[in-house]
Amino acid sequence: FASRIATIRQHISPLFLSARSSNNDVESLEKLGIRIEPSVRRALSEGLPVVALESTIISHGMPYPQNLSTAKDVENIVRQNGATPASIAILNGVPCIGLTEKELEYLAQCRTKAAKTARRDIAQVIAKGATGATTVSATMFFAAKAGIHVFVTGGIGGVHRLGESTLDISSDLTELGRTPVLVVCAGVKSILDIPRTLEYLETQGVTVVGYGTEEFPAFFTSKSGSKAPCRADSPEECAAIAETNLKLDLQSGILIGVPIPEQHAAAAELVEAAIQEALQETIEKNIQGNAVTPYLLKRVNELTGGGSLASNIELIKNNARVGAQISVALQEKLR
Ligand code: PSU
Ligand code: MN
């Protein structure tokens with residue numbers, strides 16, 4: 001009996017997985033007005049590994065021209081590790097999955113003239129024909145629609161310090177609760193309340209993984225003082241978690257926290273002092289809503305004399321390598 005079940009499962013699961021992706025086929029996406037760049041289209045239709053990349057990090061997360069060179073480097077690292085990069089943004093009202101070099105350049109020069117676009121902003125940015133740089137939440141949404149299972153970024157949003165009174169909780173966390181994409185990041189910046197962010201992820205049912213570590217990383221440093229709920233030590237282990245998530249149709253996301261490589265870690269005390277100062281300024285200047293994160297990122301970089309930017313660039317490149325490897329291992333399993 002058990003062996004008959006196993007046989008049935010073997011037959012059903014590929015059908016089930018292919019049914020999932022045919023709902024998201026390229027033609028039906030294009031009917032929705034979503035543009036898929038040709039190399040991404042080819043990879044998706046052939047079941048090859050694809051890695052989604054966000055664009056708020058380009059527009060709001062880094063200064064020009066480092067934002068452009070980093071975006072290009074990250075795409076190349078994804079390619080060198082055997083996957084196709086798909087940077088995601090809304091250009092003149094058109095959601096684009098995969099950007100050309102010219103388009104990356106355009107976004108990098110737009111900087112904050114591009115609208116910071118989280119899930120709540122998607123419909124109005126498109127309806128107005130505007131240009132929007134997608135945050136983790138909006139990028140996850142489009143990645144899932146296209147059948148992309150792996151997404152690489154630097155840091156995600158979270159519960160802000162004092163979030164228990166402001167209710168400033170990034171929509172990245174609720175998106176992780178409702179969208180089945182594996183997100184590779186370097187943890188959560190200590191501009192945020194890390195223990196509360198982990199509590200909220202638990203509430204949302206998000207699988208949170210420390211990559212090669214017991215501790216959830218804190219972006220600029222590998223130590224946050226908070227334990228990661230689970231640990232995985234290889235791309236294959238992460239891919240096995242993602243495969244199980246998809247097979248069971250859990251419909252929630254997976255967050256992989258990859259510690260910054262030791263040689264690039266910033267001096268924790270220096271960064272913490274800068275964060276304290278920047279946080280104080282947001283209170284004094286009454287900076288609120290979706291302006292908080294970009295302001296903190298910019299000020300911490302200025303106050304650390306560019307030191308935080310250098311660490312930021314290195315950790316994203318490292319995440320791109322790990323994410324591409326996970327994507328390759330996952331497609332192998334789904335084949
Ligand atoms: N944290 C970073 N770098 C970033 C962001 C967060 O270290 O670039 C960006 C990401 O796009 C993330 C967004 O999805 O900020 C979260 O913004 P908010 O806190 O307003 O939800
Ligand atoms: Mn917020």
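Residues numbered from 1 in each chain as written. Chains lettered and ligands numbered in written order. Predicted model: local features only at pLDDT ≥ 70, side-chain atom pairs only at ≥ 80, totals over all residues.

Q: Just checking my understanding: could you explain the pairing of strand β11 (residues 254-257) for this structure?
A: A regular strand places its side chains on the two faces of the sheet in alternate fashion. Across the two faces of β11 the burial is the same, with Ile254 and Ile256 and Leu255 and Gly257 all buried. Taken together, the 4 bridges between strand β8 (residues 182-185) and β11 define a ladder with parallel strand orientation. The partner of Val183 across the bridge, within β11, is Leu255. One ladder, built from 4 bridges, connects strand β9 (residues 207-211) with β11; its direction is parallel. Bridged to Thr207 within β11 is Ile254. (Buried ≥ 20, exposed ≤ 12 C-beta atoms within 10 Å, placed from the backbone. Helix = DSSP H or I, 4+ residues; strand = E, 2+ residues; numbered from the N terminus. Pairing = 2+ DSSP bridges.)

Q: Any chance you could explain the site of ligand 1 here in plain terms?
A: Taken together, the neighbourhood of ligand 1 is formed by 18 residues, with Gly61, Val136, Gly155, Gly157 and Ser170 sitting nearest. Breaking the shell around ligand 1 down by element, the ones donating at least two residues are α4 (56-59), α10 (171-178) and α14 (292-303). Counted by class, the shell around ligand 1 contains 5 nonpolar, 10 polar and 3 charged residues. (Near = placed C-beta within 6 Å. Nonpolar A, V, L, I, M, F, W, Y, C, P; charged D, E, K, R; others polar.)

Q: Please clarify how the pairing of β9 should be interpreted in this entry.
A: Across the 5 residues of β9, 5 count as buried, placing the element largely inside the fold. What you see with β9 is no split at all: Thr207, Val209 and Tyr211 on one side and Val208 and Gly210 on the other are buried throughout. Bridge count between β9 and strand β10 (residues 230-232): 3 bridges; the pairing is parallel. Opposite Gly210, over in β10, you have Arg231 as the bridge partner.

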